[in-house]
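Listed here are the chains, written in short residue letters.
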Amino acid sequence: MSTPARSVSTAPGRARSRGSVLPILTAAVLWGTTGTASSLAPAGAPAAGIGAAGLVLGGLLLFLTDRSAWALPRRCGVRERWLLAAGAVAVTGYPLTFYPAVTRTGVAVATVIALGSAPVFTGLLGWLARQGRPSGRWAGATALAVLGCGVLVLGPELAGGGAAVDPLGVLLAALSGLSYAVYSLIGGRLIAAGRPSAGVMGAMFGGGALIVLPVLLAGDLEWLASVRGTAVVLHLAVITTFLAYRLFGHGLRHATAQTATTLTLAEPAVAAVLGVAALGERLPVISWGGLAVLAGGLAFLALPARR
């Protein structure tokens, strides 16, 4: 989205900032409920199956509820169709790598590596794809946010000594961060080219739902028949996929993918606070310090720069 070289007022910039920051931060807040919701699933429910079920239903909702998503693959050119296909594969890659990473390394390590690496991957890939060189402001805010995220989530392990980290789990978590970066960049590029944000998200997530459907059907589905299992999947599908990605796509209309992925580092902060408030978890002092650093980095990025 181009802007005039000079401006006599900061009001348009502040409006654009609110139009991108608020939807993206709201999406991050909704994503932050994922861990709490997943913990309420029936005992024995496979982690990958929970993620796949949420993606299948949520992706189909994103696709079926917006006509532009139906028409987009027909109306766009060959290159954009390839981008949509790559975006759908990347959407599928996130749950298929993140949940196994959680199993091997634990929630804390997997979350830090996946969410902390995503902004870095987004900045580097966006630069290589000539979508803009990351600014010093973005780099500084991202460094603070990633540091705060790491201290926040790993605080309990740092305070207690921690355990050995599984190398394959670390690799899977990094791949999930790469997947998130790829579909964020593709979505941002198509939206910047004038494609409707809801249509872009619907097409990518609808394609991802079809790709991951065989994975879901190949697993044990007995847990889905329970009331708790159905409630968890509905929450993941409607709240953390359908609604959250509608908001995320809207935010990408006014913000770069680099900025968007950094802002979504608010997700582990929300998850940590929910864990304390809803699940009775306790955070050491070092984690609260990490939360403050994370909030400072996000605030530095979210507030409009002086002109």
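Keep in mind that what you see is a predicted model, and the values were worked out from it rather than measured. (Residues numbered from 1 in each chain as written. Predicted model: local features only at pLDDT ≥ 70, side-chain atom pairs only at ≥ 80, totals over all residues. Heavy atoms only, no water.)

Caption draft 1: Up close: the overall build of the protein. Looking only at helices and strands, one finds 13 helices and zero strands in the protein. Put simply, the protein has 307 residues, and 48% of those count as buried. Sequence-distant contacts, at least 24 apart, represent 88% of the contacts inside the protein between residues at least 6 apart. For the protein, the exposed area adds up to about 14600 Å²; of that, 67% sits on carbon and sulfur atoms. (Helix = DSSP H or I, 4+ residues; strand = E, 2+ residues; numbered from the N terminus. Buried < 20%, exposed > 50% of the residue type's maximum accessible area, 1.4 Å probe, protein only. Contact = heavy atoms within 4.5 Å. Areas by Shrake-Rupley, 256 points an atom, 1.4 Å probe, with all protein chains shown as cover.)

Caption draft 2: Main features of helix α4 (residues 67-75). All of the buried residues along α4 are A69, A71 and L72. Residues of α4 that are buried in the fold lie against α3 (47-64), α5 (78-105) and α9 (197-218).

Caption draft 3: Spatial organisation of the packing of α5 against α9. At a minimum axis distance of 8 Å, the contact between α5 and α9 shows a crossing angle of 55 degrees. The orientation of α5 relative to α9 falls into the category oblique. Here the hand of the crossing between α5 and α9 comes out right-handed. Seen from α5, the contacting residues are L84, G87, A88, V89, V91, T92 and L96; seen from α9, they are V200, A203, M204, F205, G207, G208, I211, V212 and V215. Considering only residue class, the contact of α5 with α9 consists of 12 nonpolar, four polar and no charged. (Axes fitted to C-alpha atoms, helices over the stretch in contact; angles between N-to-C directions. Parallel < 35°, antiparallel > 145°, perpendicular 65-115°, else oblique. Left-handed = near helix turned anticlockwise from the far one by under 90°. Nonpolar A, V, L, I, M, F, W, Y, C, P; charged D, E, K, R; others polar.)

Caption draft 4: Quick look at the pattern of salt bridges. In this structure the tally under the stated criterion is two salt bridges. When the shortest N-O distance is used, the salt bridge between R195 and E80 registers 2.9 Å. Residue R195 is found in the loop between α8 (167-192) and α9, and its partner E80 is found in helix α5; the two are separated by 115 residues along the sequence. Of the residues examined, E80 reaches a relative accessible area of 17% and is grouped as buried. (Salt bridge = Lys/Arg side-chain N within 4 Å of Asp/Glu carboxyl O.)

Caption draft 5: Up close: the packing of aromatic side chains. If you walk through the whole model with that rule in mind, you get 11 aromatic pairs. Measuring from centroid to centroid gives 6.3 Å for Y94 and Y180, while their planes differ by 65 degrees, and the two rings are edge-to-face. Note that Y94 is positioned in helix α5 and Y180 in helix α8, a separation of 86 residues in sequence. (Phe/Tyr/Trp six-rings, centres within 6.5 Å; stacked < 30°, edge-to-face > 60°.)

Caption draft 6: Inspection of a nonpolar patch on the surface at higher detail. Together, L60, L64, W70 and L210 give the surface a local cluster of nonpolar side chains, amounting to about 390 Å² of exposed area. Judged by relative accessible area, W70 falls into the partly exposed class, the value being 39%. (Patch = residues over 30% accessible without salt bridge, like charges linked within 9 Å, V, L, I, M, F, W, Y side chains within 5 Å.)

Caption draft 7: A look at the side chain of T241. Considering the arrangement of structural elements, one finds T241 in helix α10 (residues 227-252). Within the structure, the side chain of T241 is placed 2.9 Å from the backbone oxygen of L236, a separation counted as a polar contact. Setting aside anything within four residues of it in sequence, one finds T241 in contact with G54, G58, G59, L62, F205, L236 and R246. (Polar contact = N/O pair within 3.5 Å; in protein donor to acceptor, adjacent residues only side chain to side chain.)

Caption draft 8: Quick peek at the nonpolar core. By size, the foremost hydrophobic cluster in this structure holds 67 residues, and its most contacted members are Y183, M204, F205, Y245 and F248. With residues up to four places along the chain from it excluded, the contact list for Y245 reads W31, L62, Y183, M201, F205 and T240. (Core = buried A, V, L, I, M, F, W, Y, C linked by side-chain atoms within 4.5 Å.)

Caption draft 9: Molecular detail of α9. Taking 1.5 Å of rise per residue, the 22 residues of α9 would be expected to cover 32 Å, and the 32 Å separating its terminal C-alpha atoms lies within 8% of that figure. A bend of about 40 degrees at V212 is the largest found in α9, and the proline P214 appears one to four places after it. (Expected span 1.5 Å × (residues − 1). Bend = angle between axes of the 7 residues up to and from the residue.)

Caption draft 10: Seen up close, the packing of α8 against α9. Running from N to C, α8 and α9 point in directions that differ by 140 degrees, and their axes come no closer than 9 Å. Read as a crossing pair, α8 and α9 show a hand that is right-handed. Contacts between α8 and α9 pair Y183, I186, G187, L190 and I191 from the former with S197, V200, M204 and F205 from the latter. Across the contact of α8 with α9, the residue classes tally to seven nonpolar, two polar and no charged.

Caption draft 11: How the structure looks around the confidence of the model for the protein. When pLDDT is averaged along the protein, the result is 80, and 83% of the positions lie at 70 or above. Counted against residues more than four places away or in other chains, residues 1-16, with its pLDDT under 50, gives 11 contacts. (pLDDT = per-residue confidence, 0-100.)

Caption draft 12: A look at the environment of A231. By the element assignment, A231 lies in helix α10. Linking A231 and L40, residues 191 residues apart in sequence, is a C-alpha distance of 9.1 Å.

Caption draft 13: Spotlight on the environment of P42. With respect to the helices and strands, the residue P42 is situated in the loop between α2 (34-39) and α3. A sequence separation of 180 residues divides P42 from E222, and the C-alpha atoms of the two residues are 9.9 Å apart. Setting aside anything within four residues of it in sequence, one finds P42 in contact with W223, S226, R228 and G229.

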